[in-house]
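Letter by letter, the chains look like this.
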Amino acid sequence: MDEQRMRWDDLQIVSAIVDTGTLSGAGKRLGISHATVFRRLTNLENQLGVTLFERSRSGYTPSAAGEDLFEVARRVQEDITGVERRLAGKDLKLSGAIRVTTTDTLFSGLLATLFERFRGNYPDIKLEVVISNQLHSLSKREADIAIRPTGNPPETLVGRRVGVIRQSVYGQRSQWQNRRGPLDPLTGHQWIGPDEHMGNRALETWMAQNGLNEFCSYRVDSMLGMQAATRSGSAVAVLPDYLAGCDPELCCLTDPISELDIPLWILSHPDLKRVKRMREFTRVIGEELRQALV
């Protein structure tokens with residue numbers, strides 16, 4: 001017996017003959033001629049060295065070997081059908097894990113709500129969120145997707161720019177809500193600024209150029225910390241509009257500061273761009289971020 005040469009087509013021949021009881025019936029089921037069924041059955045029996053069917057006027061009855069082979073064919077067909085159903089279901093119902101890295105500020109101010117909505121629409125996708133202000137290595141699969149504010153995304157990654165993060169000066173509402181017009185001049189007020197470990201060089205430069213460092217005796221190493229500090233007293237701070245603009249305890253004191261505009265990107269490794277759940281996540285979250293940052 002040369003088991004290596006047996007093909008799925010051979011098993012289909014056996015299965016069709018058992019089901020229909022005749023060569024002509026098997027041929028009709030498989031869409032081939034009576035002669036082709038006879039030839040392929042003969043070749044298979046010669047190859048295996050056994051008789052698979054007893055021939056009679058009433059039709060073809062499987063021998064013990066034929067029944068054995070028919071059971072194999074039935075199990076293979078069930079396996080193939082099962083795989084097709086699972087794959088079709090995955091195509092319609094995306095599943096798997098997506099590991100996303102982003103900043104604490106973006107997650108708190110924008111993404112937590114968007115991710116929850118995404119989870120509701122795609123319940124079989126498992127989201128793993130890495131909250132960090134450090135860009136994790138997508139090449140080493142520390143994350144699949146990065147959502148980051150950056151003016152210079154790494155050339156090794158692919159993605160899309162989904163909007164621009166704008167920033168303005170904010171103060172505690174109870175302290176500043178009766179003020180008319182924008183905060184001018186900027187000097188002469190208490191300021192909250194970024195700690196050097198926060199790594200916000202653009203904001204540090206802007207404050208220095210506008211002579212605000214001498215009025216800044218309160219520094220915090222995270223944007224969420226700066227937001228909380230601004231809520232708590234009379235000092236003012238530059239905060240992202242998406243974060244502070246919807247904070248009922250804060251009020252905006254200036255127009256957006258164009259020098260501090262920074263693009264927001266969704267980035268991934270090139271090897272993942274054809275993975276359907278990654279493409280869908282990027283499309284859905286990217287569109288919602290684009291609308292939120294208008």
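Coordinates for the structure precede this section.
Read on for a plain summary of the structure. Note that this is a predicted model, so its numbers are computed, not measured.

1. Structural notes on the pairing of strand 2 (residues 59-62)
Here's step 1: Relative to strand 2, strand 1 (residues 53-56) runs antiparallel, the two sharing 4 bridges. Bridge pairing links phenylalanine 53 to proline 62 in strand 2.
Here's step 2: Where strand 1 folds back on strand 2, the antiparallel hairpin that results is connected by 2 residues.

2. Quick word on the environment of aspartate 79
Here's step 1: Here aspartate 79 shows up in helix 4 (residues 64-92).
Here's step 2: With relative accessibility at 53%, the residue aspartate 79 sits in the exposed group.

3. Some words on the pattern of salt bridges
Here's step 1: One pass over the structure, following the stated rule, counts 13 salt bridges.
Here's step 2: In this structure, glutamate 288 engages arginine 117 in a salt bridge whose closest nitrogen and oxygen atoms are separated by 2.6 Å. Remark: arginine 117 occurs in helix 5 (residues 104-121) and glutamate 288 occurs in helix 10 (residues 276-292); sequence separation between them is 171 residues.
Here's step 3: One salt bridge in this structure joins glutamate 204 and arginine 201, with 3.1 Å as the shortest N-O distance. With glutamate 204 and arginine 201 both in helix 7 (residues 201-209) and 3 residues apart, the pair spans about one turn of that helix.
Here's step 4: For glutamate 204, a relative accessible area of 23% translates into the label partly exposed.
Here's step 5: Bridged by salt links that share partners, the residues Arg99, Lys126 and Glu128 form one connected network.

Definitions and limits used
Residues numbered from 1 in each chain as written. Predicted model: local features only at pLDDT ≥ 70, side-chain atom pairs only at ≥ 80, totals over all residues. Heavy atoms only, no water. Pairing = 2+ DSSP bridges. Helix = DSSP H or I, 4+ residues; strand = E, 2+ residues; numbered from the N terminus. Buried < 20%, exposed > 50% of the residue type's maximum accessible area, 1.4 Å probe, protein only. Salt bridge = Lys/Arg side-chain N within 4 Å of Asp/Glu carboxyl O.

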